[in-house]
Amino acid sequence: MTTAAGPAVAAGGAGMPDDVGAPAPGRAAVIGSGAWGTTFASVLAQAGTPTTIWARREEIAAEINAGANEHYVPGHRLPPGVRATTDMGAAVKGAELIVVALPSQQARAIIAPLAGSLADRAVAVSLMKGVELGTGLRMSQVLAQALDLDAGRVAVVSGPNLADEIAAGQPTATVIAAQDPQVAARVAARCATGSFRPYTNTDVLGVELCGAVKNVIALAVGAAGGQGLGDNSKATIITRGLVEITRLGMALGARPETFAGLAGMGDLVATCSSPLSRNLAFGRHLGQGMDAQQAADASRGVAEGAKSARAVLDLASAHGVEMPITAGVVAVVEGAASVAEVTDALLARPRKAEGVHASPQQ
Ligand SMILES: NC(=O)C1=CN([C@@H]2O[C@H](COP(=O)(O)OP(=O)(O)OC[C@H]3O[C@@H](n4cnc5c(N)ncnc54)[C@H](O)[C@@H]3O)[C@@H](O)[C@H]2O)C=CC1
Ligand SMILES: O=C(CO)COP(=O)(O)O
């Protein structure tokens, strides 16, 4: 992608050595023409992977084919390797990577028509950061179910990846997680550029939980800011939020080091401190007194944490994991408590030693 002022990203991926044993570079399809779907499509194209975006609306597809997506990625030109269509079947035909970038709660229904139609060596890639309501499934699990794929053929991308910054060509790193390290390496090779640096990880569960729960924590940080609280409160919520993420992840079988990495601490820091974050902004609206519907109406793009908070809390409860900040976010989003009441309740909890497994002091 280039900025309106000129090229901002070096097309570094095209000449990069491929991983051993990977098939020849193929095409990618991106399902979803929003901020991250369009931006990641541009990264793929800059890395030498021709990419077709599926857009729901004709006018967005036409605009992308003319080199821009002003609604979702304003002020940036798209590279020539990005095309768009409203025909989902045509977008995925023969594609090596089927990348899904939709609101998490809508993903299953939207991609269901693709079940059984993917190329034999195709890999599904989730860019989404949410947990499905009702099932408690992570997005890689939703993709595997909906597309009727073995879990080994699903990868996820998660990290400090604010779309607007990447669209402007600013450098960042990310994590590509897949059960099979060769699958992760293959996806990484398709999207690596001079400014987008993917690391690989086989802890799919941990990487996905990091992305989904950090959105819930960003809502809490935003709500505190909306109440006029300062950086000490923010740092407290981020740090204790990371404890909640780690506690849930370890109970479910994730690796602890994942939470200190780019998808964990990295994305928490980016999201909880950026004016670009939709979750942070949504939380700020809540802190200023809006209810969840008013905050959604005032938001630009999807704030995943508002829906995933309930799904994460239910998942935690089912595994006996305590997540007090997440529970507070759920109470506010569901209208059961005000931000001030939740703040007071969190501060009044029994004192305890610091740490993931600490229990209250007697
Ligand atoms: N924007 C960002 O900086 C990043 C976003 N993500 C994640 O990527 C996922 C997608 O986010 P964005 O692209 O930013 O969202 P967005 O709100 O910018 O775009 C969502 C896309 O989904 C489409 N969509 C929404 N409801 C639909 C429906 N019922 N049927 C068909 N299409 C529908 C919209 O038309 C749009 O193309 C989310 O899970 C988000 O957490 C992850 C990293 C960075
Ligand atoms: O996931 C993101 C950055 O890594 C984007 O965060 P928001 O969805 O809050 O904008």
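Preceding this section is the structure that the text describes.
Remember, predicted model here, so these are calculated numbers, not experimental data.

Student: For this particular structure, what's the right way to read the packing of helix 8 (residues 204-226) against helix 14 (residues 305-318)?
Tutor: Relative orientation and spacing of two packed helices are given, respectively, by the angle between their axes and the distance between those axes. Packing of helix 8 against helix 14 brings their axes to within 9 Å, and their N-to-C directions diverge by 115°. Viewed along their axes, helix 8 and helix 14 form a crossing whose handedness is left-handed. Residues Leu209, Val213, Asn215, Val216 and Leu219 of helix 8 form the contact with helix 14, whose participating residues are Gly305, Ala306, Ser308, Ala309, Val312 and Leu315. The class makeup of the residues in the contact of helix 8 with helix 14 is eight nonpolar, three polar and no charged.

Student: Please explain the sheet that holds strand 6 (residues 82-85) as it appears in this structure.
Tutor: Sheet strands line up and pair through hydrogen bonds in the backbone, either parallel or antiparallel. In space, the eight strands of this open sheet follow the order 6-4-3-7-8-9-10-11, with mixed pairing throughout. Looking along the sheet, the strands with just one partner apiece sit at the ends: strand 6 and strand 11 (196-201). Each strand of the sheet is rotated relative to its neighbour by a mean of 25°, with strand direction disregarded. Across four bridges, the pairing between strand 7 (residues 97-100) and strand 8 (residues 123-126) is parallel. Of the residues in strand 8, the one forming a bridge with Val99 is Val125. Those strands touched by helix 7 (residues 181-191) are strand 7, strand 8, strand 9 (154-158), strand 10 (172-177) and strand 11, and its axis lies near 175° from that of strand 11.

Student: I keep staring at the site of ligand 1 and nothing clicks. Help me out?
Tutor: Taken together, 23 residues lie around ligand 1, and Ala35, Asn161, Ala163, Arg278 and Glu304 are the ones closest in. The separation between an oxygen atom of ligand 1 and a polar main-chain atom of Gly34 is 3.0 Å. Measuring from an oxygen atom of ligand 1, one finds a side-chain N or O atom of Glu304 at 2.5 Å. Considered on its own, ligand 1 offers 830 Å² of accessible surface; in the complex 87% of this is hidden by protein. Looking at the shell around ligand 1, the elements with two or more residues in it are helix 1 (35-46) and helix 4 (104-111).

Student: I'm lost on the nonpolar core in this one. Help?
Tutor: Within soluble globular proteins, side chains that are nonpolar generally end up buried alongside one another. Ile217, Leu248 and Phe282 are the most contacted members of the largest nonpolar core, which totals 52 residues. Element by element, the count of residues in this core is highest for helix 8, at 15 residues. If we skip the residues at most four places from it in the chain, Ile217 touches Ile237, Ile238, Gly241, Glu244, Ile245, Leu268, Cys272, Ile325 and Thr326. Ala28, Leu78, Ala101 and Val183 belong to the second-largest nonpolar core, a separate cluster that totals 35 residues.

Student: What am I meant to see in the packing of aromatic side chains here?
Tutor: Remark: the centre distance and the inter-plane angle together describe each pair of aromatic rings, the angle taken between the planes. Tallying each qualifying case throughout the model produces three aromatic pairs. Where Phe40 meets Phe196, the ring centres are 6.0 Å apart and the plane angle is 70°; that geometry is what we call edge-to-face. Pair noted here: Phe40 is in helix 1 and Phe196 is in strand 11, with a separation of 156 residues, a long-range link. Here the two residues Phe40 and Phe196 agree in accessibility, since each one is buried. Each residue in the set Trp36, Phe40 and Phe196 is aromatic and connected to the rest through ring pairs, giving one cluster.

Student: It is not clear to me how the site of ligand 2 should be interpreted in this structure. Could you clarify?
Tutor: Contacts to ligand 2 come from Lys129, Gly159, Pro160, Asn161, Leu162, Lys214, Asp267, Thr271, Leu276, Ser277, Arg278 and Asn279. In this structure, an oxygen atom belonging to ligand 2 sits 3.0 Å away from a main-chain N or O atom of Gly159. For ligand 2, an oxygen atom lies 2.8 Å from a polar atom in the side chain of Asn279. Burial of ligand 2 by the surrounding chains reaches 92%, relative to a free accessible area of 300 Å². Among the elements of the structure, helix 11 (262-273) and helix 12 (278-287) are those that each provide at least two residues to the shell around ligand 2.

Student: Explain unusual backbone geometry here, please?
Tutor: In most cases, non-glycine residues show a negative phi, while peptide bonds are predominantly trans. In the Ramachandran plot, Asp148 falls in the positive-phi region, its phi being about 60° despite a non-glycine side chain. Within the fold, Asp148 resides in the loop between helix 5 (139-147) and strand 9.

Definitions and cut-offs
The residue count restarts for each chain, going from 1 along the sequence in the order it is written. Working convention: letters from A go to chains and numbers from 1 go to ligands, in the order in which they are written. Restriction of local features to residues with pLDDT of at least 70 applies here, the model being predicted, together with a cutoff of 80 or more for giving and counting side-chain atom pairs; totals for whole chains, interfaces and linings are based on all residues. Hydrogens and water molecules were not included; the side-chain quantities draw on all heavy atoms of the structure. The axes used here are C-alpha line fits, helices contributing only the stretch in contact, and every angle between their N-to-C directions lies in the interval 0 to 180 degrees. Secondary structure is summarised from DSSP: a helix means a run of H or I of at least four residues, a strand means a run of E of at least two, and numbering begins at the N terminus for each. We call a crossing left-handed when the near helix sits turned anticlockwise from the far one by less than a right angle, and right-handed when that turn is clockwise. Working rule for contacts: check all heavy atoms of both residues, and any pair within 4.5 Å makes them a contact. Residue polarity follows a fixed list, in which Ala, Val, Leu, Ile, Met, Phe, Trp, Tyr, Cys and Pro are nonpolar, Asp, Glu, Lys and Arg are charged, and the others, Gly among them, are polar. For two strands to be treated as a pair, DSSP must find at least two bridges joining them. Throughout, near means a residue has at least one heavy atom within 4 Å of the molecule or strand. Polar contacts, as used here, are pairs of N or O atoms within 3.5 Å; protein pairs need one atom able to donate a hydrogen and one able to accept it. Residues neighboring in sequence count only if both atoms are side-chain atoms. The Shrake-Rupley method, run with a 1.4 Å probe sphere, supplies the accessible areas, and residue values consider only the shown protein chains as cover. Take the buried Ala, Val, Leu, Ile, Met, Phe, Trp, Tyr and Cys residues and link them wherever side-chain atoms come within 4.5 Å; each set so joined is a nonpolar core. Summary of the burial criterion: residues with accessible area below 20% of their type's maximum are buried, those above 50% are exposed, and those between are partly exposed, where the area comes from a 1.4 Å probe applied to protein chains only. Stacked, tilted and edge-to-face are the three classes assigned to paired rings of Phe, Tyr and Trp, where Trp is represented by its six-membered ring and a pair needs centres within 6.5 Å; plane angles under 30 degrees give stacked, over 60 edge-to-face, the rest tilted.

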